[in-house]
Amino acid sequence: MAFVGRLASLLPAIPFTLASESVRAYLLDAERKGGDAYTRISALAPGVEVRVELPGGAFALEQAYVGKSRDVGRFESHRKYIDLQLIVAGREFMDIADVGTLVLDEDLTPARDVIFYRAPEAYSILRMHQGDIAVFLPPDGHRPSLAIEPGEVVWKTVVKVPVLQT
């Protein structure tokens, strides 16, 4: 079950590992104008992605990109990590569907923690803006980074938090 909303209201409900305090602090810093993470992400040129290590096995992918069209975007899911996708500036569409309804296209596990799926006929569409966050758990197929307007640039951080193994 994906969680979607404004960072300030959703943050208390997001399930975290032991790295919770450092992940929360990072997300708040990435959203806050003048924060170190916000400043770093905002300075990225389109097409650039930087990995930032966080405590407890979590990491962030700070990115700037031009949104892509739906026909280029791919549905994906992950087994090892929970995705926390925070829009720092700009806006984009994200599509979501339960992986149980998706047809496998390409499985790049375990080398890379990503599984790609064919686009389904039915899915939900999220319209994301600055300060919005989407949390995708392993059963959540998602197609992020979709353009609302052609050529529009998005600055985003994707925090990867390890899934707790029981």
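Here's what I pulled together on the structure shown here. Values in this document were obtained by computation on a predicted structure and should not be read as measured data.

With 12 residues, helix α2 (residues 20-31) should cover 16 Å at 1.5 Å per step; its first-to-last C-alpha distance of 17 Å lies within 8% of that length. Every buried residue of α2 is listed here: S20, V23, Y26, L27, D29 and A30.

Here T109 and P110 are connected by a cis peptide whose omega angle stands at -5 degrees. Topologically, P110 is positioned in the loop between β7 (104-107) and β8 (115-117). Unusually for a residue other than glycine, S145 sits at a positive phi of about 65 degrees. Structurally, S145 can be placed in strand β11 (residues 140-146).

Let us look at the packing of aromatic side chains. The tally for this structure, following the rule as stated, stands at 2 aromatic pairs. Ring plane angle 75 degrees and centroid distance 5.3 Å describe the contact between F59 and Y81, whose orientation is recorded as edge-to-face. In this pair, F59 sits in strand β3 (residues 59-66) while Y81 sits in strand β5 (residues 81-89), placing the two residues 22 residues apart along the sequence. The side chain of R74 reaches across the aromatic face of F116, ending 3.9 Å from its centre. R143 extends its terminal NZ or CZ atom over the ring of Y123, reaching a point 5.0 Å from the ring centre.

Rules used throughout
- Residues numbered from 1 in each chain as written.
- Predicted model: local features only at pLDDT ≥ 70, side-chain atom pairs only at ≥ 80, totals over all residues.
- Heavy atoms only, no water.
- Helix = DSSP H or I, 4+ residues; strand = E, 2+ residues; numbered from the N terminus.
- Expected span 1.5 Å × (residues − 1).
- Buried < 20%, exposed > 50% of the residue type's maximum accessible area, 1.4 Å probe, protein only.
- Phe/Tyr/Trp six-rings, centres within 6.5 Å; stacked < 30°, edge-to-face > 60°.
- Lys NZ or Arg CZ within 6 Å of the ring centre and 35° of its normal.

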